[in-house]
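Each chain, letter by letter, is given below.
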Amino acid sequence: MSEKKYHHEHADAAQPAPGLERLPPRPTVLDTAPSADPEARQAARARRDAEVRGVSSIAAMRDAVQSVSRTLPPLDAVPRVRIRDTRDFRRRAAAGSPFLIDGAAKRWPLCGMTPQALREEFGALPVRARVGDYIHTAFAPDRAMRDMSMLAYLELAAAGAEALPPYVGNLELRELNRFCHWPAWLEKPGPPRFWLGPAGTVTPLHCDYDDNLFAQVWGGKRIWLAPPHHDEFLYPREANALLFGSPFDPDAPDYERYPLARQAALVEVVVEAGDMLYVPAGWYHQVRSLAFSLSANRWSRAMPVVLEGKAAAPLVLECASRRDV
């Protein structure tokens, strides 16, 4: 589930046919020019992100999330719960651990739509698919992407000619938004993102430092989770201030190459159609489709719930002060 803010995506095939609505533009040459200062761009972006979330800095927010994570009890299994209202959701979210919300999306019109209806009614919709080895290049600036129509994508996915199934991931599809009824649980939620693909599509292990509400529409997905402070065992690599990827694969663990990963407290959960999963900010997660699958998610653009109204909140300022010493 969750990767985001994939800038610098390049096509390896033709653009969609004339007449299709346009996808968000890819970066210009200036965005990737050698003369551009990537550190300055990252720093400017981190400042903007911190301002939006109302924190002193994203780095301080990360430190605070990890500090709280160290106080959490071990998670042996992801609990399956019912949520009455926003107050109930935020009370549970404030505890800082993931939970599965049973059947929260099952009444969405999109859940009642079939893949055939997607083909017939939205075949001309432009999509951007991840192709090639998008697992090992998941957080690289130059991974292969291909723009095409929804119909062309569905036919490509059905052909099964690729070693790794092509994956439409992290894409705004506004035409599908009206078939979703998101609860008003998150503060400052970002736009819905959609994830579509056959069995075997994977989003590799990573963490986002925004609270995440993930809805499974069709099919099922197996998701591995690990707490934020266990990044010390997961060999993280920074993609940006809010996104860190891990090369460790919980589905095929290589402990010879990543021996510290034995100490990571990974827990597995299967999210079925109609369910929602709350993934708190900073929790590592890896997502694999078990069948042809459609999912949607929204990230909050506010301070993580676990930091609100607690002794942890001052850490956001305290950690920033320590960095200035």
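Residues numbered from 1 in each chain as written. Predicted model: local features only at pLDDT ≥ 70, side-chain atom pairs only at ≥ 80, totals over all residues. Heavy atoms only, no water.

A. Summary view of the packing of aromatic side chains. Under the defined criterion, the tally for this structure stands at 13 aromatic pairs. Relative to Tyr255, the ring of Phe248 has its centre 5.8 Å away and its plane inclined at 35°; by these criteria the two rings are tilted. Given the relative accessible area of 28%, Tyr255 is considered partly exposed. Pairwise contacts between aromatic rings join Phe89, Phe99, Trp185 and Tyr278 into one cluster. (Phe/Tyr/Trp six-rings, centres within 6.5 Å; stacked < 30°, edge-to-face > 60°. Buried < 20%, exposed > 50% of the residue type's maximum accessible area, 1.4 Å probe, protein only.)

B. Summary view of the confidence of the model for the protein. Considering every residue of the protein, the mean pLDDT works out to 87; 84% of them sit at 70 or more. Taken as a whole, residues 1–20 scores under 50 in pLDDT and shows 88 contacts with residues more than four places along the chain or in a different chain. In this model residues 27–33 is a low-confidence stretch, pLDDT under 50, and it forms seven contacts with partners more than four residues away in sequence or in other chains. (pLDDT = per-residue confidence, 0-100. Contact = heavy atoms within 4.5 Å.)

C. Representation of the state of the cysteines in the model. Under the criterion given, the structure shown has zero disulfides. With no disulfide of its own, Cys180 has Cys111 as its nearest cysteine by sulfur position, at a separation of 7.7 Å. (Disulfide = S-S within 2.5 Å.)

D. Layout of the packing of helix 6 (residues 115–122) against helix 7 (residues 150–159). Across the interface, helix 6 lies against helix 7 with an axial gap of 8 Å and an inter-helix angle of 145°. Along its contact with helix 6, which presents Leu118, Arg119 and Phe122, the element helix 7 presents Met150, Leu151, Leu154 and Glu155. Here the contact of helix 6 with helix 7 is built from residues that sort into five nonpolar, no polar and two charged. (Axes fitted to C-alpha atoms, helices over the stretch in contact; angles between N-to-C directions. Helix = DSSP H or I, 4+ residues; strand = E, 2+ residues; numbered from the N terminus. Nonpolar A, V, L, I, M, F, W, Y, C, P; charged D, E, K, R; others polar.)

E. Looking closely at the side chain of Arg62. Following the sequence through the fold, Arg62 ends up in helix 3 (residues 58–69). Of the side chains with opposite charge, Glu238 comes closest to the buried, unpaired Arg62, at an N-O distance of 4.7 Å. Excluding residues that lie within four positions of it along the chain, Arg62 makes contacts with Tyr209, Ala241 and Phe244. (Lys, Arg positive; Asp, Glu negative; His and termini not counted. Salt bridge = Lys/Arg side-chain N within 4 Å of Asp/Glu carboxyl O.)

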